[in-house]
Amino acid sequence: GAVVSQHPSWVICKSGTSVKIECRSLDFQATTMFWYRQFPKQSLMLMATSNEGSKATYEQGVEKDKFLINHASLTLSTLTVTSAHPEDSSFYICSAAHPLLAEFVSYEQYFGPGTRLTVT
Amino acid sequence: QKEVEQDPGPLSVPEGAIVSLNCTYSNSAFQYFMWYRQYSRKGPELLMYTYSSGNKEDGRFTAQVDKSSKYISLFIRDSQPSDSATYLCASSSYNTDKLIFGTGTRLQVFP
């Protein structure tokens, strides 16, 4: 099956610093990757859609200057949380669209294991 | 009103029980319906997906969609302790990239 990795799995940073999270599709090429945020006991909220070689599309209410997304290759997308604050502490999950396994949609989303960010 | 509603639980059942997990949705344009399983501190794993109304069975799991009532169900037969996880339903409409998730139902199967 399609495998997606994330690094790091867990990070603690001080308020005001920036943190970069990597999302990699290990055994397939993903032209589209998605970044989600999940608070405890809450649903996954889509933050942005990342397309290789173009600018990310952000959901309403997501600050694009704070959450920088780069999709430099077909297997790597990065999310940088800039000037992090304690309220940015959350579980960040990426997914990669696999175009070949779906029956009736153009792709399926395979999720990474998530990155837990704690800002002190 | 959230587009996809799901009872957060927790739902606790004995091993071997039949489990029924449910979601409702409000967007009539939704055509695709998925169920994901998420273990603690892990990313979601796709379990099953269905298109429009109807049933789909895969081993101990059955997904059911009733578009007339906007109701989505996942049934787990002969539940096992290893099924203990959070189950998320998700929906999307035709030709869209976005999945809309429910809040997830936490299931615990005790031996």
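The structure under discussion appears in the preceding block.
As the structure is a prediction and not an experimental result, all values here were calculated from the model.

A.B. asks: Any chance you could break down the interface of chain B and chain A for me, citing the residues and the numbers?
C.D. replies: At the junction of the two partners, chain B supplies 20 residues and chain A supplies 23 residues. Each partner contributes to the roughly 1,700 Å² buried at the junction of chain B and chain A, and carbon and sulfur atoms together form 57% of this total. With a closest N to O distance of 3.1 Å, Glu59 of chain A and Lys98 of chain B form a salt bridge. Scanning the region where chain B abuts chain A turns up five residue pairs in polar contact (both at pLDDT 80 or more). When contributions to the side of chain B that touches chain A are tallied by element, the ones reaching two or more residues are strand E4 (30-38) and strand E5 (45-51) of chain B. The biggest single contributor to the side of chain B that touches chain A is E5 of chain B, with four residues. Taken together, the residues of the side of chain B that touches chain A break down into nine nonpolar, six polar and five charged.

A.B. asks: Which residues make up the sheet that holds strand E7 (residues 67-73) of chain A, and what values do they have?
C.D. replies: All names here are of chain A. Taken in spatial order, the four strands line up as E1-E3-E8-E7 in an open sheet, and their pairing is antiparallel. With one partner strand each, in any of the chains shown, strand E1 (4-7) and E7 form the two edges of the open sheet. Here the strands of the sheet are splayed against their neighbours by 15 degrees on average, with no regard to which way each runs. The pairing of E1 with strand E3 (residues 19-25) spans four bridges and is antiparallel. Bridging from a neighbouring strand, Ser5 pairs with Arg24 of E3.

A.B. asks: Requested: an account of the environment of Tyr94 of chain B, with residues and values cited.
C.D. replies: Residues and elements named next belong to chain B. When you line up the elements, Tyr94 lands in the loop between strand E9 (85-93) and strand E10 (100-101). Residues Tyr94 and Tyr32, spaced 62 residues apart in sequence, show a C-alpha to C-alpha distance of 7.5 Å. Residues in contact with Tyr94, not counting those within four places in the same chain, are Ala29, Gln31 and Tyr32.

A.B. asks: Can you tell me about the pairing of strand E8 (residues 71-76) of chain B, naming the residues and giving the values?
C.D. replies: All names here are of chain B. In terms of strand pairing, strand E3 (residues 19-25) meets E8 through six bridges, oriented antiparallel. Paired with Ser20 across the strands is Phe75, a residue of E8. Alignment of strand E7 (residues 61-66) against E8, held across six bridges, turns out to be antiparallel. The residue bridging Gln64 from the neighbouring strand is Ser73, located in E8. Hairpin remark: E7 followed by E8, antiparallel, with four residues in the connecting loop; positive phi at Lys70, about 55 degrees.

A.B. asks: Could you give me a rundown of the sheet that holds E3 of chain B, with the residues and numbers involved?
C.D. replies: Residue and element names in this part refer to chain B. Strand order across the open sheet formed by five strands is E1-E3-E8-E7-E6, with antiparallel pairing between neighbours. A strand with exactly one partner marks an edge of an open sheet, and here the two such strands are strand E1 (4-6) and strand E6 (54-58). Taken pair by pair, the neighbouring strands of this sheet meet at an average axis angle of 20 degrees, ignoring direction. Pairing between E1 and E3: three bridges, direction antiparallel. Its bridge partner being in E3, Glu5 is matched across the sheet by Thr24.

A.B. asks: Please provide a residue-by-residue account of the nonpolar core, values included.
C.D. replies: Val4, Trp35, Leu79, Tyr92 and Leu117 of chain A are the most contacted members of the largest nonpolar core, which totals 25 residues. Val13, Val19, Phe30 and Val109 of chain B belong to the second largest nonpolar core, which has 23 residues in total.

A.B. asks: Describe the state of the cysteines, listing the residues and the values that go with them.
C.D. replies: Each disulfide consists of a covalent bond between the sulfur atoms of two cysteine residues. A full pass over the atoms with the stated rule returns two disulfides over all chains. Paired through a disulfide, Cys23 of chain A and Cys94 of chain A show a sulfur-sulfur distance of 2.0 Å. Its S-S torsion of approximately 80 degrees makes the covalent link between Cys23 of chain A and Cys94 of chain A right-handed. Of this pair, Cys23 of chain A sits in strand E3 while Cys94 of chain A sits in strand E9 (residues 90-98), and the two are 71 residues apart along the sequence. Owing to a relative accessible area of 0%, Cys23 of chain A belongs among the buried residues under this scheme. Exposure remark for Cys94 of chain A: the relative accessible area of 0% places this residue in the buried category. Covalently, Cys23 of chain B is tied to Cys89 of chain B through a disulfide, its sulfur atoms 1.9 Å apart. Classification of the bridge connecting Cys23 of chain B and Cys89 of chain B rests on its S-S torsion, roughly -105 degrees, and on that basis the disulfide is left-handed. With Cys23 of chain B in strand E3 and Cys89 of chain B in strand E9, this residue pair connects regions lying 66 residues apart in the sequence. According to the relative accessible area criterion, Cys23 of chain B is buried, its value standing at 1%.

Reading the values: the criteria
- Residues numbered from 1 in each chain as written.
- Chains lettered and ligands numbered in written order.
- Predicted model: local features only at pLDDT ≥ 70, side-chain atom pairs only at ≥ 80, totals over all residues.
- Heavy atoms only, no water.
- Contact = heavy atoms within 4.5 Å.
- Buried area = accessible area lost by both parts, 1.4 Å probe.
- Salt bridge = Lys/Arg side-chain N within 4 Å of Asp/Glu carboxyl O.
- Polar contact = N/O pair within 3.5 Å; in protein donor to acceptor, adjacent residues only side chain to side chain.
- Helix = DSSP H or I, 4+ residues; strand = E, 2+ residues; numbered from the N terminus.
- Nonpolar A, V, L, I, M, F, W, Y, C, P; charged D, E, K, R; others polar.
- Pairing = 2+ DSSP bridges.
- Axes fitted to C-alpha atoms, helices over the stretch in contact; angles between N-to-C directions.
- Core = buried A, V, L, I, M, F, W, Y, C linked by side-chain atoms within 4.5 Å.
- Buried < 20%, exposed > 50% of the residue type's maximum accessible area, 1.4 Å probe, protein only.
- Disulfide = S-S within 2.5 Å.

Keep in mind that these numbers describe shape and distance, not what the molecule does.
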